[in-house]
Number of protein chains: 2
Amino acid sequence: MRTLEVDLGDRSYPIYIGGDLLEQAGAYFERHELTKKSPVLIVTDTNVAPLHLRKVEVSLQSSGYRTVHHIVEAGEPSKSLAVFEEVMTTAIESGLDRKSSVVALGGGVVGDLAGFVAASYMRGVNFIQMPTTILAHDSSVGGKVAVNHRLAKNMIGAFYQPEMVLYDVSSLQTLPNREVRAGLSEMVKHGLIWDQQFTDWCGDNAGKLLSLDPETLEYGLIQGCGVKAKVVAADEREQGLRAILNLGHTLGHAIEATGGYGEYLHGEAISIGMAAAALIAVHRGKEAALYERTVELLQGFGLPTAMPVHLDEDQLISAMMHDKKFTENKIVFVLPVQIGKVEIVSDVTLDEVRRVIAELKGERQNV
Amino acid sequence: MRTLEVDLGDRSYPIYIGGDLLEQAGAYFERHELTKKSPVLIVTDTNVAPLHLRKVEVSLQSSGYRTVHHIVEAGEPSKSLAVFEEVMTTAIESGLDRKSSVVALGGGVVGDLAGFVAASYMRGVNFIQMPTTILAHDSSVGGKVAVNHRLAKNMIGAFYQPEMVLYDVSSLQTLPNREVRAGLSEMVKHGLIWDQQFTDWCGDNAGKLLSLDPETLEYGLIQGCGVKAKVVAADEREQGLRAILNLGHTLGHAIEATGGYGEYLHGEAISIGMAAAALIAVHRGKEAALYERTVELLQGFGLPTAMPVHLDEDQLISAMMHDKKFTENKIVFVLPVQIGKVEIVSDVTLDEVRRVIAELKGERQNV
């Protein structure tokens, strides 16, 4: 088991990463001196509950905690105010009080939803993250919690830091291959924005990571979470630096939106977005090797790097404009400077974006 | 104009109290360097909008701010998640961004609702309070914002501090007499828990306060807000000391609940609650003068201090138990030690509460 401390002053918290941690949930609750007098609410979804809920409940109950659970439908639609209110109802009816904890057992959707419940119930109770996806190594660090409004994603939320993150690598063994690949996309991103050595390590260990070798995965998650934690510690409320975490996301979000959320997993879409950002950088004078190395890395994880030909260029542009706003036909973009380093530029033009979309449609569609 | 600084580290903010401040809203926005590029959302209610909305809009627009407004029905039912979502819809449709401000123009309901919108929209935007009631001198300090759940009040919310409070004493001139009296009840409470000298001043100036003499009101509000601000600064997230603000509230809430919210205004109910707390203290050994002085003060404001005879004792007790939980028939209570000083005791028994309910039913019903 490894521990990563996220340094946020009096809101600092540890991320515990290791095998079979869910079975030790009770011991970790005791280590954090969480009271046994107040009930614990575990929020999870229909995919995760059959796999992991029982062992968390058994562990907490063995340590003397009283637990209740609320299971939501797996998938993005559960990140709604309606479901949020249902979870609140469970919390009130179960007698949760100010000393209670709300546990997010699952991936990003459950983390965002349960996190906003924890942030808002009685104006804030303890929040414990138990991520069960690789992608959640990203979302479980940083304290961004939210639900969606029907008009836009993540519009209603808070910055709310957990008491601890219990990241059980064993729970990842049941993930479908495609989700593993897509989750590792964010890990590679953390290398690309911050740490050349870690990026190279990712490239060298793609096979072991894809086959979920526990030791390798544990190291990769610690490093990935570590990059995220450093960036968040420097900019908790997203005033500046934190924007570098959006490498690949500007075009990535547009691909997700244009594909109707479902055709592309988040990690796949940002993989294409990272390839596009590297290509824009090359057009602006960086060496071609920067793009080639980025593509090689991502393809090593079986991730897509070409633009799907059926996605309409105008629709992609329009989705980007909806997401970010072009000012006088210019948009803010995170671009690589070299492997392991990025910059935020605010003058990428519509024409530059159109050019890479077209060029990436001509690339080999490797997925 | 007087300024009171609420000292909360990097969340500190000023309360400006004076005449005709709503007409100067634009200048205060400029003083706080709020951007003119992002729209401002003013949340108000059907009572306040006809009286004050126009002048706030005119002032902001004259300074170059783009404003939109959302008017909710006056009254507690607007503190719901459904109305919260409607305000969010207005915010999104009006293009509010992260640099936008949400203004609460109104009393406690509007402040709580708009405050939770400001806390949650895009994970938090600027929040500006413009209280238009005397009671709001209490709720506008402290950062407690919330909406109600159908099962319990104030269950969903946040601690979220405003950027500034613009307290226009002129806007209070249109308040009904009964609301003035009830609002002044919290002002007297701030004296009773913290400051003997201010309490005496309240007693000596009851007439001027009730007739809304601007100078007197300004001084009283500054002092009342000042007590609240000191207590909140010492205990922002309600871990301990802040509980002293609940003087009169334990029984007061029960009176409100038993009367069906509407028969008694909040300030009237806590006035009876403060009399009850003083009487319990006397039963526990304090001099009778403590109770007599408390009653004299409150009656000087035309506030009730006797227990309404038609309120059922068992129902009152049951409402208290719902609100606070008796542990082994004992309840936490804020009791006066002397005028201007209180203590938190955790061993008030059911019998003691029943005794004062009975005794206060026998007192002169002065309202």
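Given the structure is predicted, the values throughout are model-derived calculations rather than measurements.

J.: It is not clear to me how the relation of the copies chain A and chain B should be interpreted in this structure. Could you clarify?
T.: Superposition of chain A onto chain B requires a rotation of 180° combined with a translation of 0.0 Å along the rotation axis, giving an RMSD of 0.0 Å. Those values place the two copies in the arrangement expected of a two-fold rotation axis. Closest approach to the rotation axis within chain A is made by the C-alpha atom of Leu-81 of chain A, at a distance of 4.0 Å. Mapped onto chain B, 100% of the interface residues of chain A are again interface residues, and the two copies thus contact each other with one and the same surface.

J.: Which parts of the structure should I look at to understand the packing of helix 11 (residues 266-283) of chain A against helix 14 (residues 350-361) of chain A?
T.: Angle between the axes and distance between the axes are the two parameters that describe a pair of packed helices. Residues and elements named next belong to chain A. Between helix 11 and helix 14, whose axes approach to 10 Å, the crossing angle comes to 120°. By the criterion of interaxial angle, the relationship of helix 11 to helix 14 is oblique. Handedness of the helix 11/helix 14 crossing: right-handed. Residues Ile-272, Ala-275, Ala-276, Leu-279, Ile-280 and His-283 of helix 11 lie in contact with helix 14, whose contacting residues are Glu-352, Arg-355, Val-356, Glu-359 and Leu-360.

J.: Is there a simple way to explain the environment of Asp-20 of chain A in this structure?
T.: Residue and element names in this part refer to chain A. Relative to the assigned elements, Asp-20 resides in the loop between strand 2 (13-18) and helix 1 (25-31). For Asp-20, a relative accessible area of 43% corresponds to the partly exposed category. Measuring from C-alpha to C-alpha, the distance between Asp-20 and Gln-161 comes to 24 Å, with 141 residues separating the pair along the chain. Beyond its immediate chain neighbours, meaning those up to four positions away, Asp-20 contacts Asp-168 and Ser-170.

J.: Honestly, the interface of chain A and chain B in this entry has me stumped. Any pointers?
T.: Size of an interface: often given as the accessible area lost when the parts come together. Every contact between the two is made by 31 residues of chain A and, on the other side, 31 residues of chain B. Three residues stand out in chain A for area buried against chain B, namely Ile-92, Arg-123 and Met-155 of chain A, and they jointly supply 29% of the buried area on that side. Seen at the junction of chain A and chain B, the total is one salt bridge. For Glu-238 of chain B, the salt bridge goes to Arg-98 of chain A, with nearest N and O atoms at 3.1 Å. Counting every contact that joins chain A to chain B gives nine residue pairs in polar contact (both at pLDDT 80 or more). Every element with two or more residues in the side of chain A that touches chain B is listed here: helix 3 (81-93), helix 4 (108-120), strand 7 (144-149) and strand 8 (152-159) of chain A. For the side of chain A that touches chain B, the element with the highest residue contribution is helix 3 of chain A, accounting for seven residues. Residue composition of the side of chain A that touches chain B, grouped by class: 16 nonpolar, five polar and ten charged.

J.: I keep staring at the packing of helix 10 (residues 249-258) of chain B against helix 11 (residues 266-283) of chain B and nothing clicks. Help me out?
T.: All names here are of chain B. Viewed as axis vectors pointing N to C, helix 10 and helix 11 meet at an angle of 135°, and their least axial separation amounts to 7 Å. One finds that helix 10 runs oblique with respect to helix 11. Like other packed secondary-structure pairs, helix 10 and helix 11 cross with a definite hand, here right-handed. Facing helix 10, whose interface residues are His-249, Leu-251, Gly-252, His-253, Ile-255 and Glu-256, helix 11 presents His-266, Ala-269, Ile-270, Ile-272, Gly-273 and Ala-276. Residue composition of the contact of helix 10 with helix 11, grouped by class: six nonpolar, five polar and one charged.

J.: Looking at this structure, I do not really get the domain arrangement of chain A. What am I missing?
T.: All names here are of chain A. Domain annotation of chain A identifies domain 1 (2-174) and domain 2 (177-361). Distance from the C-alpha centre of domain 1 to the C-alpha centre of domain 2: 27 Å. Contact with domain 1, which involves 27 residues of that partner, is made by 30 residues of domain 2. Counting the surface domain 1 buries against domain 2, the share from its top three residues, Arg-2, Ile-134 and His-137, is 26%. In this structure, Glu-218 and Arg-2 form a salt bridge, with 3.3 Å as the shortest nitrogen-oxygen distance. In this assembly, domain 1 and domain 2 are joined by nine residue pairs in polar contact (both at pLDDT 80 or more). Residue contributions to the side of domain 1 that touches domain 2 peak at four residues, all from strand 1 (residues 2-6). Class assignment of the residues belonging to the side of domain 1 that touches domain 2 gives a composition of twelve nonpolar, nine polar and six charged.

J.: I'm lost on the sheet that holds strand 6 (residues 126-131) of chain A in this one. Help?
T.: Residue and element names in this part refer to chain A. Sheet architecture is open: seven strands sit in the order 1-2-9-6-5-3-4, paired in mixed fashion. The strands lining the two open edges of the sheet, one partner per strand, are strand 1 and strand 4 (67-72). Within the sheet, the average angular offset between the axes of one strand and its neighbour, ignoring direction, is 20°. Helix 3 rests against strand 3 (40-45) and strand 4 of the sheet, and its axis sits at about 165° to strand 4. Most of the contacts of helix 9 (residues 214-234) go to strand 1, to which it runs at about 5°, and overall it touches strand 1, strand 2 and strand 9 (164-168).

J.: How do you make sense of the packing of aromatic side chains when you look at a structure like this?
T.: Each aromatic ring pair is characterised by the separation of its centres together with the angle its planes make. For the structure shown, the criterion picks out eleven aromatic pairs over all chains. Consider the rings of Phe-29 of chain A and Tyr-65 of chain A, whose centres lie 5.3 Å apart with planes at 70°: the pair is edge-to-face. Within this pair, whereas Phe-29 of chain A is found in helix 1, its partner Tyr-65 of chain A is found in the loop between helix 2 (49-62) and strand 4, the two being separated by 36 residues in sequence. Assessed through its relative accessible area of 0%, Phe-29 of chain A is described here as buried. Taking the relative accessible area as the measure of exposure, Tyr-65 of chain A reaches 3% and is therefore buried. Ring plane angle 45° and centroid distance 4.7 Å describe the contact between Tyr-16 of chain B and Tyr-28 of chain B, whose orientation is recorded as tilted. Taken together, the residues span a long stretch of sequence, with Tyr-16 of chain B in strand 2 (residues 13-18) and Tyr-28 of chain B in helix 1 (residues 25-31) at a distance of twelve residues.

Rules of the game
Sequence order as written defines the numbering, with residues in each chain counted from 1. Labels are handed out in written order, letters beginning with A for the chains and numbers beginning with 1 for the ligands. Only residues with pLDDT of at least 70 are given local features in this predicted model, and only at 80 or more are side-chain atom pairs given and counted; all residues enter the totals for whole chains, interfaces and linings. Hydrogens and waters are ignored; side-chain quantities use all the structure's heavy atoms. To line up the copies, we fit them by least squares on C-alpha atoms, keeping just the residues with pLDDT of at least 70 in both. The contact rule is simple, with two residues in contact once any of their heavy atoms fall within 4.5 Å. Every axis corresponds to a line fitted to the C-alpha atoms, with the helix fit spanning only the stretch in contact, and the corresponding angles, defined between N-to-C directions, vary from 0 to 180 degrees. Comment: elements are numbered from the N terminus, with helices defined as DSSP H or I runs of at least four residues and strands as E runs of at least two. Any angle from 65 to 115 degrees is called roughly perpendicular, while one under 35 is roughly parallel, one over 145 is roughly antiparallel, and all others are oblique. In a left-handed crossing the near helix is turned counterclockwise from the far helix by less than a right angle, and in a right-handed crossing that turn is clockwise. Using a 1.4 Å probe on the protein chains alone, a residue whose accessible area is under 20% of its type maximum counts as buried, one over 50% counts as exposed, and one in between counts as partly exposed. Here the buried area means the combined drop in accessible surface, using a 1.4 Å probe, for two parts upon being joined, counting both sides. Put simply, a salt bridge is a Lys or Arg side-chain nitrogen that is within 4 Å of an Asp or Glu carboxyl oxygen. Pairs of N or O atoms within 3.5 Å make up the polar contacts considered here, provided that, within protein, one atom can donate a hydrogen while the other can accept it, and that residues adjacent in sequence are counted only when both atoms are side-chain atoms. Gly falls in the polar group here, along with every residue not listed as nonpolar (Ala, Val, Leu, Ile, Met, Phe, Trp, Tyr, Cys, Pro) or charged (Asp, Glu, Lys, Arg). The split of the chain into domains comes from an automatic or database domain assignment. The rule for pairing is simple: two strands pair if DSSP sees at least two bridges between them. Aromatic rings from Phe, Tyr and Trp, taking only the six-membered ring of Trp, are treated as a pair when their centres fall within 6.5 Å; an angle between ring planes under 30 degrees marks them as stacked, one over 60 as edge-to-face, and anything in between as tilted.

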